Amino acid sequence: AERELIRAQKEAAREEERARRDFERQKAKLLKEQAHYQAAYDRLLTQPDPDPVSVQQLRGELVRLGADITAVEQRAANTRAGYVYVISNIGSFGDHIVKIGMTRRLEPMDRVRELGDASVPFRFDVHALVFSDDAVGLENQLHTALADRRVNKVNIQREFFRATPT
């Protein structure tokens, strides 16, 4: 039990690190794009007679990028926000077995693909993918509601349940 707990903690730490790197990569990409648009905007304003439509378009892109950067920063700061997923793999586990988990990654399908690549011969089918500001709480609520249907009652870190995706 202790080894399983340590393994689960290490997996959670690895997932957290992946999410942190995703946030940093996305923020760096957005900052680079913002610098590009800001330089184009500044060049356009130095022209003697700038096109008002172009000025408006560039200003709109800068506002959008600013909002995107803020959203990424907020997601990185809120450690409870993320995606809760409900997936199944009939080829590997049979009918009526679902996995309910969560990820903080910006692209949650990366986590689903990773689960399907590593340990099972078939890819997982995604039945639900829900963003929540309290994904940890939502996942815990689902796990509690389905506790009597848990496949592995010894190790509650295993998130498989006897249930239909609905």
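This report concerns the structure included in the present document. (Residues numbered from 1 in each chain as written. Predicted model: local features only at pLDDT ≥ 70, side-chain atom pairs only at ≥ 80, totals over all residues. Heavy atoms only, no water.)

## Focus: the sheet that holds strand β3 (residues 125-132)
For clarity, the threshold we go by: Paired strands are those between which DSSP finds at least two bridges. Put simply, DSSP marks the helices as runs of H or I at least four residues long and the strands as runs of E at least two long, and each gets a number from the N terminus on. Comment: axis = line fitted to C-alpha atoms, over the contacting stretch for helices; angle = value between 0 and 180 degrees taken between N-to-C directions.
Spatial strand order, β3-β1-β2-β4: four strands in an open sheet with antiparallel pairing. Two strands lie at the open edges of the sheet, namely β3 and β4 (160-162), each paired on one side alone. Along the sheet, successive strands turn relative to each other by an average axial angle of 25°, direction set aside. The pairing of strand β1 (residues 82-88) with β3 spans seven bridges and is classified as antiparallel. Residue pairing across strands places glycine 82 opposite serine 132, the latter belonging to β3.

## A look at the nonpolar core
As a reminder of what qualifies: Residues belong to a common nonpolar core when they are buried Ala, Val, Leu, Ile, Met, Phe, Trp, Tyr or Cys residues joined through side-chain atoms within 4.5 Å. Categorising residues by exposure relies on relative accessible area from a 1.4 Å probe, with only protein chains included: less than 20% of the type maximum marks a residue as buried, more than 50% marks it as exposed, and the intermediate range marks it as partly exposed. In what follows, a contact means two residues having at least one pair of non-hydrogen atoms within 4.5 Å.
Ranked by size, the top nonpolar core spans nine residues in total: Val84, Val86, Val98, Ile100, Met102, Ala135, Leu146, Phe161 and Ala163. Setting aside anything within four residues of it in sequence, one finds methionine 102 in contact with Tyr83, Val84, Tyr85, Ala135, Val136 and Glu139. Core analysis: the next-biggest nonpolar cluster, separate from the first, contains eight residues, Tyr85, Ile87, Val112 and Leu115 among them.

## Some thoughts on helix α2 (residues 52-77)
Applied cut-off: Here the expected span of a helix is defined as 1.5 Å times the quantity of residues minus one.
Look at α2: 37 Å from first C-alpha to last across 26 residues, which is about the 38 Å you get at 1.5 Å a residue. Buried within α2 are the following residues: Val55, Leu58, Leu62, Leu65, Ile69, Val72 and Arg75.

## A few points about the pattern of salt bridges
Operational definition: Salt-bridge detection follows one rule: a side-chain nitrogen of Lys or Arg within 4 Å of a carboxyl oxygen of Asp or Glu.
Summed over the entire model, instances satisfying the criterion amount to 21 salt bridges. A salt bridge links arginine 104 to glutamate 16; the nearest nitrogen and oxygen atoms lie 2.4 Å apart. One end of the pair, arginine 104, is in the loop between β2 (97-103) and α4 (108-118); the other, glutamate 16, is in helix α1 (residues 2-46), and 88 residues separate them in sequence. Beyond isolated ion pairs, a larger network of salt bridges with shared partners links Glu11, Arg14, Glu15, Arg18, Arg105, Arg111 and Glu114.

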